[in-house]
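Spelled out from the first residue to the last, the chains are:
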Amino acid sequence: MIEKLTSLFKGFRDWVEGNGPRPENEGMPPEAPPPLPFTLKPPTAHSARFHELTIRERRRLWLESYGGDLFSSLYVGIGILACVLFVFVLLAAVAELPPFGDPGNPANNEVVQRYVERGGRETGAQNIVAGMILDYRAFDTFGESVVLFTAAVCVLMLLSTVADDSSSRTAPCRFVQNSGLTALKPVQNSGLTALKPVQNSGLTALKPVQRDDAILRGVASLSIPIILLLGCAVVVEGHLSPGGGFSGGAILSAGLILCANAYGFDRVHRVFSERTFVRSSSGALLAYAVMKGWSFFSGANHIESGIPTGKVGNILSGGLILPLNICVGLVVAGTLYSFYALFSEGEI
Amino acid sequence: MLGRLILNHYEAAAIILSGIGLATLLFHRNLIKKILGLNIMDSACFLFLAAKGYVARRAAPILLPASEGRWVAHAGAYVNPIPAGLVLTGIVVSVSVTAFALALTLRFYKHYGTLDIDAAFTRTRGTEPEEEASPDPATEKMRERLEQEGLL
């Protein structure tokens, strides 16, 4: 009975920890743990002098021998307990919340009333959310754009200098890539060769599809202009309709990614290289900072800044919201496309 | 309690999703699966926020035309716009964190040759020439101690 229970528990633990039978090319060959630096006899009662050890030493010896198992079983037990407790405490809290969709919820307070009733007049934006995030809370959105840009820069640093060998660490800076790709190739080859065995299993099946696929190219040639137009429309109409810089930028980057998949990265390189990415993103962030900085510096109430809010519902309305949306859209489109390009090719 | 939970089923689903995410984060040793768990928790958070902002039978917070040149600017006509802004912030941060974590994971894999976090810490590095195993002082001390006591 007890053996059955322990084997059941072991099976469950293997299932949780993913130790079960796995496919061959998962990339994690099972390997024996490294041998201990010396062989340690398990502390048994038969050992001649075991009974002379103090309690503390016995405990230390026992931990040396069985501590790993103890830790893993404790970890699983405490982890399950923590998850169940987490869910039940929060469910008990949810049960005390006011009913879903009730207009009398405490979340629908005077802040919402202020935004809805005076937002249109004060910001000139028909879309209240756009007026909120790009006018009242514009510095917050600026911080978001900076976070996204910083993440893109970090990924660029982590993935584009992939070479671990010292020969390419001294290679020239990658920003001098004016002369085209020929100067760049040797630098990156050394980095990507280290990557190849990693990627081979998954990507070899994918590679030929990227090159010349008539169906993909046909569909892409039809849909890429539509996708890019839709992205521009969503960015530009951010203050009138659902959308804005973030969603429109994501649509634009989706169009670029589709183009890169159908026609290859070299085609996208002509319009969007790393140089373009750095220039457009940092330029857009700078423009955002200057515009919104002026607006806040001049009192943030649109009286002395000299920026007209326009008539609600017109395309040229909302004061700074339209240019700010365009800035955000540029940053988001460049960042998301560069994430894709860096993860799949190691370069923008 | 169950009746209240059914009344608030969106929030309850969000809590259960975040529990699933937490379990994924805790019990998987594969780093990619840990990142997936983090993303599930993010989505649960967004679902909770969006559910808190919803008000039944009201329009999205985009001003509706009332008559020529006038707009319905009455708080009773629209759902809560604030959670939309919060979710937007959250999505952007979640995308950034995911991309950064995936890039770090890629470097980790190149360095250790495995995605398993436990295996990586018990394994010598594959990319560097193996150094002569220099015994650390604690191990050496314990070894001397054990030899004195006749256990080794």
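Residues numbered from 1 in each chain as written. Chains lettered and ligands numbered in written order. Predicted model: local features only at pLDDT ≥ 70, side-chain atom pairs only at ≥ 80, totals over all residues. Heavy atoms only, no water.

Description of the overall build of chain A
Then comes step 1: Scanning chain A from N- to C-terminus turns up 13 helices and 0 strands.
Then comes step 2: Element order for chain A, N to C, with α for helix and β for strand: α-α-α-α-α-α-α-α-α-α-α-α-α.
Then comes step 3: Within the span of chain A, comprising 348 residues, buried residues form 38% of the whole.
Then comes step 4: Once local pairs closer than 6 in sequence are excluded, the contacts in chain A between residues at least 24 apart make up 71%.
Then comes step 5: Of the roughly 19,600 Å² that chain A leaves accessible, carbon and sulfur atoms contribute 67%. (Helix = DSSP H or I, 4+ residues; strand = E, 2+ residues; numbered from the N terminus. Buried < 20%, exposed > 50% of the residue type's maximum accessible area, 1.4 Å probe, protein only. Contact = heavy atoms within 4.5 Å. Areas by Shrake-Rupley, 256 points an atom, 1.4 Å probe, with all protein chains shown as cover.)

Regarding the pattern of salt bridges
Then comes step 1: For the structure shown, the criterion picks out 4 salt bridges over all chains.
Then comes step 2: We note a salt bridge from A:Arg114 to A:Glu122, for which the minimum N-O separation is 3.0 Å.
Then comes step 3: Residue class for A:Arg114 comes out partly exposed when judged on its relative accessible area of 34%.
Then comes step 4: Here A:Glu122 falls in the partly exposed class, since its relative accessible area comes to 25%.
Then comes step 5: Here B:Glu11 ties to B:Lys52 by a salt bridge, and the two come within 3.4 Å at their closest N and O atoms. A residue pair is termed long-range when its members are at least 10 positions apart, and B:Glu11 in helix H2 (residues 9–27) and B:Lys52 in helix H3 (residues 31–53) qualify at 41 residues.
Then comes step 6: Connected through salt bridges with shared partners, the residues A:Arg114, A:Arg118 and A:Glu122 form a single ionic network. (Salt bridge = Lys/Arg side-chain N within 4 Å of Asp/Glu carboxyl O.)

Focus on the interface of chain B and chain A
Then comes step 1: Taken together, the contact between chain B and chain A spans 69 residues of the former and 82 residues of the latter.
Then comes step 2: Here chain B and chain A share an interface that buries about 6,900 Å² over both sides, 70% of which is from carbon and sulfur atoms.
Then comes step 3: At the boundary of chain B with chain A, the tally comes to 13 residue pairs in polar contact (both at pLDDT 80 or more).
Then comes step 4: Those elements giving two or more residues to the side of chain B that touches chain A turn out to be helix H1 (2–7), H2, H3, helix H4 (82–112) and helix H6 (137–149) of chain B.
Then comes step 5: It is H4(B) that provides the largest number of residues to the side of chain B that touches chain A, a total of 18 residues.
Then comes step 6: Considering only residue class, the side of chain B that touches chain A consists of 42 nonpolar, 15 polar and 12 charged. (Buried area = accessible area lost by both parts, 1.4 Å probe. Polar contact = N/O pair within 3.5 Å; in protein donor to acceptor, adjacent residues only side chain to side chain. Nonpolar A, V, L, I, M, F, W, Y, C, P; charged D, E, K, R; others polar.)

Focus: the confidence of the model for chain B
Residues and elements named next belong to chain B.
Then comes step 1: Taken as a whole, chain B shows an average pLDDT of 85; of its residues, 88% reach a score of 70 or greater.
Then comes step 2: Highest mean pLDDT in chain B belongs to H3 (95); lowest belongs to H6 (72).
Then comes step 3: Considering only residues more than four positions removed or in separate chains, one finds that residues 125–132, a stretch of pLDDT under 50, has 6 contacts. (pLDDT = per-residue confidence, 0-100.)

Notes on helix H9 (residues 214–236) of chain A
Residues and elements named next belong to chain A.
Then comes step 1: Here H9 contains 23 residues, and its C-alpha end-to-end distance of 33 Å stays within 8% of the 33 Å for a straight helix at 1.5 Å per residue.
Then comes step 2: Of all the bends in H9, the largest measures some 35° and sits at Ser-223, one to four residues before the proline Pro-225.
Then comes step 3: Those residues of H9 that fall on the buried side of the exposure criterion are Ala-220, Ser-223, Ile-224, Gly-231, Val-234 and Val-235.
Then comes step 4: Each element contacted by the buried residues of H9 is listed here: helix H10 (245–263) and helix H13 (321–345).
Then comes step 5: At the N-terminal end of H9, a side-chain oxygen is found 3.1 Å from the backbone nitrogen of Ile-215, two or three residues along, and the residue is Asp-213. (Expected span 1.5 Å × (residues − 1). Bend = angle between axes of the 7 residues up to and from the residue.)

Some details on unusual backbone geometry
Note: most peptide bonds trans; most residues except glycine with negative phi.
Then comes step 1: For B:Arg57, which is not glycine, the phi dihedral falls at a positive 55°.
Then comes step 2: Note that B:Arg57 resides in the loop between H3 and strand E1 (64–67).

Here's the deal with the nonpolar core
Then comes step 1: The biggest cluster of nonpolar side chains holds 55 residues, and the ones touching the most others in it are A:Val155, A:Val268, A:Phe272, A:Tyr288, A:Tyr337 and A:Ile348.
Then comes step 2: In terms of residue count, the dominant contributor to this core is H13(A) (10 residues).
Then comes step 3: When neighbours within four sequence positions are excluded, A:Val155 is seen to be in contact with A:Ser160, A:Phe339, A:Leu342, A:Phe343, B:Ala99, B:Phe100 and B:Ala103.
Then comes step 4: In this structure, A:Val87, A:Leu91, A:Ala95 and B:Leu5 belong to the second largest nonpolar core, which totals 8 residues. (Core = buried A, V, L, I, M, F, W, Y, C linked by side-chain atoms within 4.5 Å.)

Concerning the pairing of E1(B)
Then comes step 1: Here 3 bridges tie E1(B) to strand E2 (residues 70–72) of chain B, and the two strands are oriented antiparallel to one another. What sits directly across from B:Pro65, in E2(B), is B:Trp71. (Pairing = 2+ DSSP bridges.)

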